[in-house]
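Residue-level structural notes
Listed below, chain by chain, are the residues.
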Amino acid sequence: MDYDAKVFPHSGGYGRYNRIVVTCSWFPSFAVMVNLFSDVFYTVIPDTYYCKPDPRLLPSSFHLSNFSKSAYLNLTVPWVNGTGLSHCELYKYPPNSSDLSESVPRERVSCTRGWEYPHVSGLRSNFVTEWDLVCNDYWKIPFQHICFMTGWILGYIFIGSLCDWIGRRQSFLLSISLSSLFGVAVCFSSSSVVFLLLRLSQGVMLAGVFLSSYIARLELCDPPRRLMVAMVGGFFAIFAELLLPGVAVLCRDWPVLQAVTTLPLLLLVSYWCCASLFPESPRWLLATAQIPQAKRSLQEFSTRNGVCLPDELFPGETLLSEVDSVFEDICQPRYYSILALRRTRVIWKNCLILSFTLLIGTGIQYCFTRNLHMYTTNFYFSYFVRVATGALACVFICFTVNHFGRRGMLLLSAIITGLSSLLLLALTQYLQGGLVMVLSILGLLFSQALALLSVFFACEVMPTVVRGGCLGLVLAAGCVGMAASSLMELQNNGGYFLHHVIFASFAVLSVLSIMLLPESKRKPLPDSIKEGENQRRPPLFVSQPDRVSLPLLRQRPPLSEYNPDNYSRLVSATRRMLTKDSLPYRIAMPTHRLLSDSETQEQDRDAS
């Protein structure tokens, strides 16, 4: 049943109630992104830190009162050319020595009493300073981010499949409740291991909140408004990222920041009590043949949209009757999982291509941001450049995608991302610093546009019955790209060049694969597996109308297409018409008796 053409207009279209629900679906994007990007402040390493001086390593004749703080540090902490005070070593003097000059033989030893952190970006204490994750324990910082992204990957796959089984609303409520619970528990972490496990668990649930709200938002819109509704959600995420540094400065300590970022999640638990703020998607209810629930949902939407007035008959009676006729032979709901993709060709191909492009869009950003770090070590510079390029990417998509199409702009973003990456890879040592920064910002801009458009495109081309599982696979691939940067940091950036080469090559290969995607601009969302398989790849460039294209080979006439759905609908309609007691017409029967052939001949002889 064509939802966008027959069901959506009769339920009020994109009316007042739809707009309210869509607005309520934007706030989860803000809450999720605040918790996602707070991880940047939890794991940022201070610009300067050094070992705490240990008086036991100094001679017994040493008196602290005779030295200033700077002189004391110069005596106890080695100086490393180009970086300042050593991060991981102290001087150990001979016990009976009275000479503290540099000529005295001194031994370098590891830190014995912890570290001093004069300044941390945004926060006074974070995950690094709380448990001294520097020097030999530095590997725990990228490992924590990998575990956090692993939670998001598991959440996208698991909660995405759950969206297709229990619905968008139930998945959202489950995710928002557990993410709030885990968020509160993180505030009371007693060790780095507990912090890591709780953040992994919270990442699973945050992925479910984002996925279920994103799908529900697009399923409540008509085709012309889908892009703007999705991009406004992107602006909510960018606003959260922009607001976070100021919140971190006010909070100062990481447990306070964690509590503040969990507060929006706790407020969203109110959606559990007020079902009208986040109802179940009627499109999914119809696609899975849950007819009683779908009829109640359509009645609620049409009433709240002002279609039904108190003194009128319900205008959707014809719609509900048609719903009954279409699903007359279906007794049980039909649920699907991502395992159904094994029997598909087009859906599986689209899922793989968009997963590939999102993997590139998220993974290659590390290459561009690392160039920004080489230009300046200021934490806030690279942070706000990333926020600004994300906002520009949303604006670019808003103004171009509805005009030039999803596939064309995805192709353009992949081309510019690949060219910027290749130029930086081959010519960095020959280019001036300003040009390197311009290419890095340009690549960062279009790589974020590539990632945003891949997610939106995937949500449009995947069928409703498996949209949660398929979009979860695509988003999980994006998290793999985000975790790839932490893998490089885990090896102390030893494989950065190989990382850059691989993702630059992937960006070039994606240009060829994007050509195989269909175009979804201003088209209805596919609901069934069959509709998803019927999507076709249009030509990239529209041919001229006066151009004559002669076939090279003799073409056979197209065969008549047999549609079993239309045939079964005709049969069911005919059966209902024949079983009705009162027909709108009556067949007139002859009142006189029909004569046989012999009686007719006798009448002819009598007449002659």
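Residues numbered from 1 in each chain as written. Predicted model: local features only at pLDDT ≥ 70, side-chain atom pairs only at ≥ 80, totals over all residues. Heavy atoms only, no water.

Helices and strands together make up the secondary structure of the chain, namely 22 helices and 6 strands. For the chain, the proportion of its 608 residues judged to be buried stands at 50%. A total of about 30500 Å² of accessible surface is found on the chain, and carbon and sulfur atoms cover 62% of it. (Helix = DSSP H or I, 4+ residues; strand = E, 2+ residues; numbered from the N terminus. Buried < 20%, exposed > 50% of the residue type's maximum accessible area, 1.4 Å probe, protein only. Areas by Shrake-Rupley, 256 points an atom, 1.4 Å probe, with all protein chains shown as cover.)

This next bit is on the side chain of E219. Note on placement: E219 falls in helix α7 (residues 192-219). For E219, a relative accessible area of 1% translates into the label buried. Once residues lying within four places of it in the same chain are set aside, the contact partners of E219 are R168, S281, R283, W284, T464, R467 and L525. (Contact = heavy atoms within 4.5 Å.)

Among the nonpolar cores identified, the biggest contains 112 residues, and W152, Y156, Y214 and L471 are the most heavily contacted of them. Among the elements that make up this core, the one with the highest residue count is helix α17 (residues 433-461) (12 residues). Aside from chain neighbours lying at most four places away, what touches L471 is L211, Y214, I215, V455, A458 and C459. Counting residues in hydrophobic clusters, the runner-up holds 17 residues, among them V7, Y17, C221 and F301. (Core = buried A, V, L, I, M, F, W, Y, C linked by side-chain atoms within 4.5 Å.)

Here we come to the pattern of salt bridges. Tallied over the entire structure, the rule returns 13 salt bridges. A salt bridge links D253 to R124; the nearest nitrogen and oxygen atoms lie 3.0 Å apart. Placement of the pair is D253 in the loop between α8 (226-251) and α9 (254-268) and R124 in the loop between β6 (115-116) and α4 (127-130), with a sequence separation of 129 residues. D164 is paired through a salt bridge with R168; the nearest N and O atoms lie 3.4 Å apart. Since its relative accessible area comes to 0%, R168 is described here as buried. One salt-bridge network, held together by shared partners, links D164, R168, E219 and R467. (Salt bridge = Lys/Arg side-chain N within 4 Å of Asp/Glu carboxyl O.)

Right, let's get into α9. In a regular helix each residue adds 1.5 Å, so 15 residues correspond to 21 Å; α9 covers 22 Å between its end C-alpha atoms and thus fits that length. At T262, α9 shows its strongest bend, of approximately 25°, with the proline P264 following within four residues. Listed as buried for α9 are W254, L257, Q258, T261, T262, P264, L265 and L268. For α9, the secondary structure elements touched by its buried residues are α2 (16-42), α4, α6 (168-186), α7 and α8. (Expected span 1.5 Å × (residues − 1). Bend = angle between axes of the 7 residues up to and from the residue.)

For the structure on display, the rule yields 2 disulfides. Disulfide pairing is shown between C51 and C111; the S-S distance is 1.5 Å. Linking C51 in strand β1 (residues 50-51) with C111 in the loop between β5 (107-110) and β6, this pair joins segments that are 60 residues apart in sequence. Since its relative accessible area comes to 18%, C111 is described here as buried. Linked covalently through their sulfurs, C88 and C135 form a disulfide whose S-S length is 1.9 Å. The sign of the -100° torsion about the S-S bond sets the C88-C135 disulfide as left-handed. One end of the pair, C88, is in the loop between β3 (84-85) and β4 (89-92); the other, C135, is in the loop between α4 and α5 (140-166), with 47 residues separating them in the sequence. Sequence-ordered numbering of the bonded cysteines in the chain gives a disulfide pattern of 1-3, 2-4. (Disulfide = S-S within 2.5 Å.)

This part covers the confidence of the model for the chain. When pLDDT is averaged along the chain, the result is 82; 81% of the residues meet or exceed 70. Put simply, helix α12 (residues 317-326) is where the chain has its lowest mean pLDDT, 54, and α6 is where it has its highest, 95. Below a pLDDT of 50 lies the segment residues 309-316, which in the model reaches 8 contacts outside its immediate sequence neighbourhood of four places, other chains included. (pLDDT = per-residue confidence, 0-100.)

With that settled, the discussion passes to helix α13 (residues 346-363). The first and last C-alpha atoms of α13 sit 26 Å apart over 18 residues, in line with the 26 Å expected at 1.5 Å per residue. Burial analysis of α13 places 14 of its 18 residues in the buried class, the great majority of the element.

Judged by side-chain polarity, V184, F188, L263, L266 and L267 come together as a nonpolar surface patch covering roughly 510 Å² of accessible area. It is α9 that contributes the most residues to the nonpolar patch, 3 residues altogether. Within the secondary structure, L267 sits in helix α9. (Patch = residues over 30% accessible without salt bridge, like charges linked within 9 Å, V, L, I, M, F, W, Y side chains within 5 Å.)

Another aspect to go through is unusual backbone geometry. In this structure, D132 takes a positive phi of about 50° despite not being glycine. Classification of D132 as partly exposed rests on a relative accessible area of 24%. Here R522, not a glycine, exhibits a phi torsion of approximately 55°, which is positive. Relative to the elements of secondary structure, R522 occurs in the loop between α19 (496-514) and α20 (529-533).

For the rest of this paragraph, the subject is the side chain of T262. Of note, T262 is situated in helix α9. Polar side-chain contacts of T262 include one of 2.6 Å to the backbone oxygen of Q258. Apart from the residues within four sequence positions on either side, T262 is in contact with N35, S180, G183 and V184. (Polar contact = N/O pair within 3.5 Å; in protein donor to acceptor, adjacent residues only side chain to side chain.)

Turning to the environment of M374, a few remarks are in order. Along the polypeptide, M374 turns up in helix α14 (residues 365-375). Separated by 63 residues in sequence, M374 and M437 have C-alpha atoms that sit 9.4 Å apart.

Bringing the packing of aromatic side chains into the picture now. Per the stated rule, a full pass over the model turns up 31 aromatic pairs. Here the aromatic rings of F503 and F506 are separated by 6.1 Å at their centres, their planes lie at 70°, and the arrangement is edge-to-face. Taken together, the residues span about one helical turn, with F503 and F506 both in helix α19 at a distance of 3 residues. Judged by its relative accessible area of 27%, F506 falls in the partly exposed class. A cation over an aromatic ring shows up here: R199 above the ring of F148, its NZ or CZ 4.2 Å from the ring centre. Between the NZ or CZ atom of R304 and the centre of the ring of Y17, over which it lies, the distance is 5.2 Å. (Phe/Tyr/Trp six-rings, centres within 6.5 Å; stacked < 30°, edge-to-face > 60°. Lys NZ or Arg CZ within 6 Å of the ring centre and 35° of its normal.)

Moving on to the environment of L358. Inspection of the secondary structure assignment puts L358 in helix α13. Sequence separation between L358 and V480 is 122 residues; the distance between their C-alpha atoms is 9.5 Å. If we skip the residues at most four places from it in the chain, L358 touches A451, S454, V455, V474, L475 and G478.

Let's shift gears to the packing of α7 against helix α18 (residues 467-490). Each pair of packed helices can be summarised by the angle the axes make with each other and by the distance between the axes. With their axes 11 Å apart at the nearest point, α7 and α18 run at an angle of 125° to one another. Here α18 runs oblique to α7, going by the angle between their axes. Crossing geometry of α7 relative to α18 is assigned as right-handed. Listed contacts from α18 to F210, L211, Y214, I215 and E219 of α7 are R467, G468, L471, G472 and L475. Tallied by class, residues from the contact of α7 with α18 come to 6 nonpolar, 2 polar and 2 charged. (Axes fitted to C-alpha atoms, helices over the stretch in contact; angles between N-to-C directions. Parallel < 35°, antiparallel > 145°, perpendicular 65-115°, else oblique. Left-handed = near helix turned anticlockwise from the far one by under 90°. Nonpolar A, V, L, I, M, F, W, Y, C, P; charged D, E, K, R; others polar.)

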